[in-house]
Amino acid sequence: MQAAFVGAGHVGLSSAAVFADLGNEVFLLDIDKEKIAALKRGKLPIFEPGLEDRFKKNLGKTLLPTADYAEAISFSEIVFICVNTLSKGGKIDFSPVFACAQAVAQNLGGHLTVVVVRSTVWPGTLEEIEKIMRKENPQASFAVLFCPEFLREGSAVEDTLHPNRIVIGGRDKKAVAISRKFFAKTPAPFLVTDFASAELIKYAANSFLATKISFINEFSRIAEKVGADIKDVARGLGLDPRIGKSFLQAGLGFGGSCLPKDLEAIGDLARTYGGSFEILVAVRRVNHRQHQIFIEKIKKALGGLKGKKIAVLGLSFKPGTDDLRKAVALEIIARLRKEGAKVSVYDPVVVGKAKKILKGVRFASDPYAALKGSDCLALVTEWEEFAKLDFKKIKTLMRTPLVADGRNIFDPPKLKRRGFTYVGMGCV
Ligand code: UGA
């Protein structure tokens, strides 16, 4: 099928590459001309496992980056709106989605076009989008659907190829049939609802995931007090199929561009209707507190932070991505520096972007260089390579052998045997 993805961010870019690879003719549209020029040269703005190969293989054949709305939209049977939303001072702002819908409407061809919104928007927005498009182009033949995106950064390609469900909001039968045909090569349970339900499903999903994380983090504090190991508690809990084992990894909590923003938005939505979302207020508070707890642990173990050298391992908001948006590492580093610590950092993927944001820290080219002469290894993002670190070597490099494990990935007894002081998040 001929399709267009508008917005070359994580969702649009990954989806365009995957669906082009599955045999569709795909336009990838972005208003950022520099980004498009780079994409045409095969230069990707993000890191995502499995993306580059698929992108380069299809580039210029079935995958066509463009900054021209008319070129991308006028012949496409299905158009996906994957542009970002904004969050300003706790207020969610969908104006980029509205602007995009307007531009799509201006460029529709003479045939029926299905316009599928994938950006996360709250109830009422799809109706607004439909109105905007109708006003912009009253004669055009189009139908709007909402298809919430559930892919995770760091596994965007995998999640697009193997979704666990496809939710379609919108009742236009022809449009739903076209969307079903488009997704036929990525089979999954297919749920069709009204707009508002689909809009709420996305927020409910992210809110629930965040709740699971804060739930286990709250328990991790009790686990420490009673001498339990939160990893075993999570294992025992997750074996119950009604609970499930995912999103029960205690530690520094959630960051990224989605969970924090969606929690803010749903709180905002609740206020719009004169209420508040009590559970999510607590979820956010607990998440934030984890950062402070981590800093306090390091401070206590070192007897203060002033003049201490801390090596922070991992910067991205989670492994498998180079995304620094709302990354926990940024806050940890800011707090360490505020308390007078000297910070060195290492991340296997994020370098250039981080150098622009992080001032006053030393960037190391490998973890050992970051750890040389340090008083603490502070593990913030659990990249796979950190689980294989050579602690025998590290012991000879550090000034003080303290390991602060913000994601509980190391083996405490093993480290203690090697002479390290270990502090984890809910394990002793
Ligand atoms: C999240 C959702 O998982 C996706 O389903 C959704 O499509 C996406 O938001 C979105 O709305 O676009 P993402 O933000 O990419 O995806 O990352 P997650 O895998 O959800 O991780 C979020 C944060 O939670 C990370 O900082 C991670 O380190 C943290 N986390 C995750 C934990 O602290 N503990 C866990 O057990 C799991």
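Our subject is the structure that appears above.
Residues numbered from 1 in each chain as written. Predicted model: local features only at pLDDT ≥ 70, side-chain atom pairs only at ≥ 80, totals over all residues. Heavy atoms only, no water.

**Q** I'm lost on the site of the ligand in this one. Help?
**A** As a structural note, the neighbourhood of the ligand is formed by 21 residues, with Phe-150, Leu-151, Glu-153, Lys-202 and Asn-206 the closest of them. Residue Asn-206 places a side-chain N or O atom 2.8 Å away from an oxygen atom belonging to the ligand. At 2.8 Å, a side-chain N or O of Lys-318 approaches an oxygen atom of the ligand. Here the ligand, which alone exposes 710 Å², has 91% of that area covered by the protein. Counting residues per element, the ones that place at least two in the shell around the ligand are helix H9 (195-226) and helix H11 (259-272). The leading source of residues in the shell around the ligand is H9, at four residues. (Near = heavy atom within 4 Å. Polar contact = N/O pair within 3.5 Å; in protein donor to acceptor, adjacent residues only side chain to side chain. Areas by Shrake-Rupley, 256 points an atom, 1.4 Å probe, with all protein chains shown as cover. Helix = DSSP H or I, 4+ residues; strand = E, 2+ residues; numbered from the N terminus.)

**Q** Please clarify how helix H5 (residues 95-106) should be interpreted in this entry.
**A** An α-helical turn contains 3.6 residues, so any two residues separated by three or four positions project in the same direction. Its 12 residues place the ends of H5 17 Å apart at the C-alpha level, agreeing with the 16 Å of an ideal helix rising 1.5 Å per residue. Buried within H5 are the following residues: Val-97, Phe-98, Cys-100, Ala-101, Ala-103, Val-104 and Ala-105. Here the buried face of H5 lies against strand S1 (2-6), helix H4 (69-73), strand S4 (78-81), strand S7 (113-117) and helix H6 (125-136). (Expected span 1.5 Å × (residues − 1). Buried < 20%, exposed > 50% of the residue type's maximum accessible area, 1.4 Å probe, protein only. Contact = heavy atoms within 4.5 Å.)

**Q** What exactly am I supposed to notice about the environment of Ala-205 here?
**A** Considering the arrangement of structural elements, one finds Ala-205 in helix H9. Those residues in contact with Ala-205 that lie beyond four places of it in its chain are Phe-150 and Arg-165.

**Q** Help me understand the sheet that holds strand S13 (residues 362-363), please; the structure alone is not making it clear to me.
**A** One key point about sheets: their strands pair by backbone hydrogen bonds, in either a parallel or an antiparallel sense. Spatial ordering of the open sheet is given by S13-S12-S11-S14-S15-S16, a layout of six strands whose pairing is parallel. Edge strands, defined here as strands with exactly one partner in the open sheet, are S13 and strand S16 (421-423). Summarising the sheet, strand S11 (residues 309-313) and strand S14 (residues 376-379) pair through four bridges and their orientation is parallel. Bridging across to S14, Val-312 finds its partner in Ala-378. Relative to strand S12 (residues 342-346), helix H13 (residues 328-338) is tilted by about 155°, and along the sheet it contacts S11 and S12. (Pairing = 2+ DSSP bridges. Axes fitted to C-alpha atoms, helices over the stretch in contact; angles between N-to-C directions.)

**Q** What is the right way to look at the pattern of salt bridges in this model?
**A** Side-chain pairs of opposite charge can arise where the charged atoms are in close proximity. The final tally for this structure, using the stated rule, is 21 salt bridges. Linking Arg-271 and Asp-268 is a salt bridge whose minimum nitrogen-to-oxygen distance equals 3.3 Å. Pair noted here: Arg-271 and Asp-268 are both in helix H11, with a separation of three residues, about one helical turn. Put simply, Glu-339 and Lys-299 hold a salt bridge, and the shortest N to O gap is 3.0 Å. One end of the pair, Glu-339, is in the loop between H13 and S12; the other, Lys-299, is in helix H12 (residues 278-302), and 40 residues separate them in sequence. Classification of Glu-339 by relative accessible area gives partly exposed; the value is 29%. (Salt bridge = Lys/Arg side-chain N within 4 Å of Asp/Glu carboxyl O.)

**Q** What am I meant to see in the pairing of S1 here?
**A** The side chains of a regular strand alternate, first on one face of the sheet and then on the other. With four of its five residues buried, S1 lies for the most part within the structure. As judged from the five bridges shared by S1 and strand S2 (residues 25-29), these two strands associate in the parallel manner. Across the sheet, Phe-5 pairs through a bridge with Leu-28, a residue of S2. Taken together, S1, helix H1 (residues 10-21) and S2 form a β-α-β motif whose crossover is right-handed. Here S1 pairs with S4 via four bridges, running parallel. (Right-handed = clockwise from strand over helix to strand, strands pointing away.)

**Q** Honestly, a positive patch on the surface in this entry has me stumped. Any pointers?
**A** On the surface, a cluster of positive charge is contributed by Lys-306, Lys-309, Lys-342, Arg-362 and Lys-372. Tracing the chain through its elements places Lys-306 in the loop between H12 and S11. Assessed through its relative accessible area of 70%, Lys-306 is described here as exposed. (Patch = residues over 30% accessible without salt bridge, like charges linked within 9 Å, V, L, I, M, F, W, Y side chains within 5 Å. Lys, Arg positive; Asp, Glu negative; His and termini not counted. Charge placed at Lys NZ, Arg CZ, Asp CG, Glu CD.)

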